[in-house]
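Inside the fold
Listed below, chain by chain, are the residues.
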Amino acid sequence: MRETFLPFAKPDVAEDAVAAVAQCLRSGWLTTGPRTIEFEEIFKNYAGAKYAVSFNSATAGLHGAFAALGLKSGDEVITTPMTFAATLNTIIFAGAKPVLADIDPKTLNIIPAEIEKKITAKTKAIAPVHFAGRPCDMAAIEAIAQKHGLWIIEDAAHALGAAAGGRKIGKPGGAKRAAVFSFHPTKNITTGEGGMVCTDDENMAEFLSVFRQHGMSKGAWNRYAAKGKTHYDILLPGLKYNMMDIQAVIGISQMKRLEAFNKRRAEIVAQYMAAFKDLEGLILPAPVKEGDTHSWHIFTPLIDTEKLKITRDEFMKLMGAQNIGTALHYQAAHLFSCYQKSYGWKQGDYPGAEYAGGRIVSLPLFPAMTEQDIQDTIKYTKQVIEGNGK
Ligand SMILES: Cc1ncc(COP(=O)(O)O)c(C=O)c1O
């Protein structure tokens, strides 16, 4: 057993970020302000989008992006059952119904042909999720969206630094597009909590910047500053979703390290892939499609329950007993009681997501992992799988 607990993820915040937070706290300006605007500029330039609008989480950003579409009761948004509840919940809060299209259990991403099957007159948008940082088949999804005049709201929570067919996720590459990133502490960069929406659509960007701050007319963030405008209008019923400068300074520091973070993630994954390649009982992530870049937010093999006596849950427990943290991303969304009650979804509806959701496990993966951390993960994974419950 390993001496100390190895978490499955751990943020790496540099001293310059710590100093910048302290400076921000001392400055007297804590909430949305110049540093948030600076972070948005840096992010926008990195992604290659016309607009980057920050939020206090990706959930808030997704809510904003779906709300911007003006969805009405009865409207439908097609998404994947292999995602976090935030994707579905924000569609629901924006007033529409989530409609699911199954995934390919090899890539864990939504299947374009399944999307096409689910399109009706009520469909307004497609919300693909780049699972674990593996880009969805965006060429196929864009073709479907264009054919039917639909928006694409990409849930890019996992995909900062990923690219589909050489184009960065976040660079819209067309009309009616937005991509939403997360800066939760387990993600490729963190701001503690935070999110960003990238789009080329001026109306979408305008809506988002108003929606995230109560619906106040733009610029109201500085209403308490010496030269700020004291009066404002309420243009629409917005929410309190703005990012604070305290968060943004962490993001500014993290963006400088993103490329190095992602390179390190890829190196660790390469070590895992080599170490586990002949390990019977562990189904490894599929190779990355040529021309794509995977951002490796998480490393998610499947426990081959056809070959092993242990279940995925038993695997997680046995790893925990060796002080190795694991996590579950995700259980198939259509099996949660809330959605079953609302939409009548049931076991058997999405076999790809059920297969993956019953077998998937996230092993430790974060840039600050030491060689010992990697070797311990490999050693105990092999030990548990080869031990097969004995
Ligand atoms: C696929 C996906 N979408 C959305 C979110 C929500 O992100 P946040 O925690 O920043 O709201 C997450 C968070 O884990 C996620 O994994």
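Heads up: the structure comes first, above all this text.
A brief look at the structure comes next. (Residues numbered from 1 in each chain as written. Predicted model: local features only at pLDDT ≥ 70, side-chain atom pairs only at ≥ 80, totals over all residues. Heavy atoms only, no water.)

With respect to topology, seven strands assemble into an open sheet ordered β1-β9-β8-β5-β4-β2-β3, the strand pairing being mixed. Each end of this open sheet is capped by a strand with a single partner; those strands are β1 (51–55) and β3 (97–100). Going across the sheet, the axis of each strand differs from the next one's by a mean of 25 degrees, ignoring polarity. Both strand β5 (residues 151–155) and strand β8 (residues 177–182) contribute to a ladder of four bridges, which runs parallel. (Pairing = 2+ DSSP bridges. Helix = DSSP H or I, 4+ residues; strand = E, 2+ residues; numbered from the N terminus. Axes fitted to C-alpha atoms, helices over the stretch in contact; angles between N-to-C directions.)

Below, the discussion takes up the site of the ligand. The immediate surroundings of the ligand are formed by 16 residues, with Thr59, Asp155, Ser182, Lys187 and Tyr330 found nearest. Within the backbone of alanine 58, an N or O atom sits 2.9 Å from an oxygen atom of the ligand. Here a nitrogen atom of the ligand and a side-chain polar atom of aspartate 155 are 2.6 Å apart. Relative to its unbound accessible area of 390 Å², the ligand is 91% covered by the protein chains. Of all the secondary-structure elements, those providing two or more residues to the shell around the ligand are α3 (58–68) and α4 (85–93). Examining the composition of the shell around the ligand, we find that three residues originate from one element, α3, more than from any other. (Near = heavy atom within 4 Å. Polar contact = N/O pair within 3.5 Å; in protein donor to acceptor, adjacent residues only side chain to side chain. Areas by Shrake-Rupley, 256 points an atom, 1.4 Å probe, with all protein chains shown as cover.)

Next up on the list: empty space enclosed by the protein. One pass over the full model with this rule turns up two cavities of 30 Å³ or more. Of the pockets and cavities examined, the largest cavity occupies roughly 60 Å³. Lining the largest cavity are Lys10, Pro11, Asp12, Pro185, Lys187, Asn188, Ile189, Thr190, Gln254, Phe261, Arg265 and Pro367. Classifying every residue of the lining of the largest cavity gives five nonpolar, three polar and four charged. In terms of domain composition, the lining of the largest cavity takes at least three residues from each of domain 1 (15–253) and domain 2 (258–387). What the second largest cavity holds in volume is close to 30 Å³. Taken together, Met138, Glu154, Ala164, Arg167, Lys168, Ile169, Gly170, Lys171 and Arg177 form the lining of the second largest cavity. Looking at the lining of the second largest cavity residue by residue, the classes come out as three nonpolar, one polar and five charged. (1 Å grid on protein atoms, 1.4 Å probe; cavity = no way out; pocket = protein on both sides within 12 Å on 5 of 7 lines; lining within 4 Å. Points joined across faces, edges and corners; volume = space filled by probe spheres on them. Nonpolar A, V, L, I, M, F, W, Y, C, P; charged D, E, K, R; others polar. Domains from an automatic or database assignment.)

This next bit is on the pairing of β5. Counting buried positions over the five residues of β5 gives five, a clear majority of the element. As paired strands, strand β4 (residues 123–127) and β5 are joined by two bridges and run parallel to one another. The residue of β5 that forms the bridge with alanine 125 is tryptophan 151. Taken together, β4, helix α6 (residues 138–148) and β5 constitute a β-α-β crossover, and its handedness is right-handed. (Buried < 20%, exposed > 50% of the residue type's maximum accessible area, 1.4 Å probe, protein only. Right-handed = clockwise from strand over helix to strand, strands pointing away.)

Let's shift gears to the packing of aromatic side chains. Applying the stated rule across the entire model yields 15 aromatic pairs. Pairing phenylalanine 43 with phenylalanine 181 gives two aromatic rings, centres 5.3 Å apart and planes at 65 degrees, and the pair type is edge-to-face. Note that phenylalanine 43 is positioned in helix α2 (residues 34–47) and phenylalanine 181 in strand β8, a separation of 138 residues in sequence. A residue is classified by how much of its surface remains accessible, and phenylalanine 181, at 1% relative accessible area, is buried. Centroid distance tyrosine 272 to phenylalanine 276: 5.8 Å. Interplanar angle 25 degrees. Geometry classified as stacked. (Phe/Tyr/Trp six-rings, centres within 6.5 Å; stacked < 30°, edge-to-face > 60°.)

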